[in-house]
Amino acid sequence: MKKILSLLVAVFITLSLIPGTAFADDDADTITILFTHDIHSHFDEYKNENGIVGGIGRMKTVIDNVRNSAKNSILVDGGDFSMGTLYQTLYTTEASELTFLGDLGYDATTIGNHEFDFGETGFADMLNAAADKSEKDKDLKLPHIVNCNIDWDKNTDSDDVLLKAALESCGFSPYTIIERGGIKIGLFGLFGQDADECAPLSGLSFDKIIPSARNAVDDLKNKGADLIVCLSHSGTDDDKKKSEDELLAKAVPDIDVIVSGHTHTTLDSPIMIGNTCIVSSGCYALDIGQLDLKRDPSGRWNIKSYCLNRLDQLIEPDTSLNMQLNEMKDLIDKNYLGVFGYSYGQKLCNNEVNFGTDAEIQSSKGETEIGNLISDAYVYGARKAGAADDQELIGVTVSGIIRGTLETGELTVNDAFNISSLGSGADKMAGYPLVGIYISGRELYNIAEIDASVSSLMPSAVVSASGLGWTSNSHRIFMNKVFDVNLLSSNGTKTAIDKDRLYKVITNIYCAQMLGAVKEKTYGLLSLTIRDKDSNPIDPEDLERFIIYNSDGHELKEWIAVSEYLSSMGTVDKKYASIEGRKTVSDSFSPRELFSNLSKVTLIAAAAVIIAAAVIILIAIKTVKRIKRRKERRNPTS
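So, here is what we can say about the structure in this document.

About the criteria used
Residues numbered from 1 in each chain as written. Predicted model: local features only at pLDDT ≥ 70, side-chain atom pairs only at ≥ 80, totals over all residues. Heavy atoms only, no water. Helix = DSSP H or I, 4+ residues; strand = E, 2+ residues; numbered from the N terminus. Buried < 20%, exposed > 50% of the residue type's maximum accessible area, 1.4 Å probe, protein only. Lys, Arg positive; Asp, Glu negative; His and termini not counted. Charge placed at Lys NZ, Arg CZ, Asp CG, Glu CD. Salt bridge = Lys/Arg side-chain N within 4 Å of Asp/Glu carboxyl O. Expected span 1.5 Å × (residues − 1). Arc of directions from axis to C-beta. Contact = heavy atoms within 4.5 Å.

### Remarks on the overall build of the chain
And step 1. The helix and strand tally for the chain stands at 19 helices and 24 strands.
And step 2. Overall, the chain is about 120 × 85 × 50 Å in size when its C-alpha atoms are taken along their principal axes.
And step 3. Expressed as a percentage of its 638 residues, the buried residues of the chain come to 53%.
And step 4. Of the charged side chains in the chain, 64 are positive and 90 negative; the average position of the first set lies 11 Å away from that of the second.

Here's what the structure looks like:
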């Protein structure tokens, strides 16, 4: 008997030493939630300021380790799983992102705004491709897609019907219940207001998230859900009035956990709103979030532990999915890069310049080195494609479409694509094309004003320009801070802008559409009309006619212009190691700076101030006279 007991003890000890085997706390009152959001097609490992990080191999290692040690666990995603690397070029045909989520064993995901980057029909094509793969490969289990605030009663045109059918083919529903160890976990998804504004190609109408969430929570509670988790593509914000998921938690307190995507936020500790726990793990699969919950006797879920599992070089990558990665790369070469004469991983140049982190670039409200390089690349690519028309060219981009940074070391086609990965063109292929449009010198001031005024409220509107420089004054009125705009030559020589002349501007098609909408977006405070070379206004919906094409007949994609420019340098020019003073901010009280180039807005505001001052003076004079007369009546002999 003693031998048997000794043997059992030895077996128990041996099992307890095996990594990933756990016995403690694996009861019906404990649950582990693994979560990601804003992966943006980052399934290859990549280099950042921390070294080599990320990648599907490290994702799988961490996921498997946690699953082996936590009996009751779920794996979920908060949307924007697509659009950000070359894997997105297979989006409509191979559904690479959703397929990889299935391979990793995700239980559920929700819809992000970038899932609509190829339009509503493109999203439908991706879903249908994923469903076909799942049908052919019975081992591939796609994650459940949840969203409860698409208003299907309003979304009834043919594309809407097509998308709804495609979603349903992948197991779509407003919410679902997953059971783990007797615990019923209710999951529902939301698409926030800012996400909606960032998805002009979605073609869908969305209900407000708070009433939609209330309905979903009530339904899930009625169906016996023990724990309610919201996969929200809405996000948090430092400005609490704009922090959609914090407002949601306050309004719908019965939500236990909100996995908050969209704003690329990294939360080192959860945000607690009442009993609701808001968690975020950042973007690009750098971290996998882990929330361990324990239920107390009253039924309330309490945080047992919380961490972000960093996918760094300390994590040994699992290699079981490498074959699928390589197959995808072969398809990228064959179906996309090869069309433009490039290949996966092709070297472009070397880089010794520190362009800063992605977070630093996105939070900057001033001139950035990466913005200067990209706008210069626009001009370089346009000239190489023969679009210069023997005149000055101005390149314009905004920080909101710069999707990353360039690390030191060897730069490849992948790097050029990753920083310019958004959108598609008239060819229905990934990547925004560049367009050539014309803007008057007078309205170039308004492009500079977007940077000087609008970007203070909306950092994604920070403008970077090639061949153009401007100076603003911090003491001038909002929407009229810029008082000087000049053409800039490559050697820094300034030439005054002719306000009555048209200048050719090279930008991507999305930026051109946004420039065409400036007047509407600023309620007429800034006037900006995009034109053709004959000064005819261009309808922003008609910009495909102005796409620039390379000599091979293909669209000059934004990333191709960047690739060509990087390749032309051999080693990135050291001038990009610091800002060049293309835009400056003055705090001088010089009359020339304060009163030159006054806009109608400033003149109207000044007139209003003068009129108000005059009225106040007149009232004061009348008041003094009235008081004097009263004194005289009271003391007639004085």
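Back to the text.
### Some words on the pattern of salt bridges
Any two side chains of opposite charge can pair, so long as their charged atoms come close to each other.
And step 1. In total, this model carries 23 salt bridges according to the counting rule given.
And step 2. For Asp226, the salt bridge is made with Arg295, and the minimal N-O distance between the two is 3.7 Å. Remark: Arg295 occurs in strand S13 (residues 287-295) and Asp226 occurs in the loop between helix H8 (209-222) and strand S9 (227-233); sequence separation between them is 69 residues.
And step 3. In this structure Asp226 comes out as partly exposed when scored by relative accessible area, which is 28%.
And step 4. In this structure, the salt-bridge partner of Arg501 is Glu392, at a minimum N-O distance of 2.5 Å. Placement of Arg501 in the loop between strand S22 (494-496) and strand S23 (502-508) and of Glu392 in the loop between helix H12 (369-384) and strand S16 (393-398) is noted, with a sequence separation of 109 residues between them.
And step 5. Look at the salt bridges and you will find they share partners, linking Asp376, Lys575, Glu580 and Arg582 into a network.

### Here we look at the environment of Asp296
And step 1. Relative to the elements of secondary structure, Asp296 occurs in the loop between S13 and strand S14 (301-310).
And step 2. Taking the C-alpha atoms as reference points, Asp296 and Gly78, 218 residues apart in sequence, are found 27 Å from one another.

### A word on helix H10 (residues 322-335)
And step 1. If you check H10, its first and last C-alpha atoms are 20 Å apart, about what 14 residues at 1.5 Å a residue would give, namely 20 Å.
And step 2. Every buried residue of H10 is accounted for by Leu325, Met328 and Ile332. Mapping the buried residues of H10 onto a view down its axis gives an arc of 60°, with all of them on the same face. Seen from the open side of H10, the exposed residues pointing more than 90 degrees away from its buried face are Met323, Asp330 and Lys334.

### Some details on the environment of Cys198
And step 1. With respect to the element layout, Cys198 can be found in the loop between helix H7 (193-197) and H8.
And step 2. Taking the C-alpha atoms as reference points, Cys198 and His114, separated by 84 residues in sequence, lie 8.2 Å from one another.
And step 3. Beyond its immediate sequence surroundings of up to four residues, Cys198 is in contact with Asn113 and His262.

Note that all results are geometric; they support no functional claim without further evidence.
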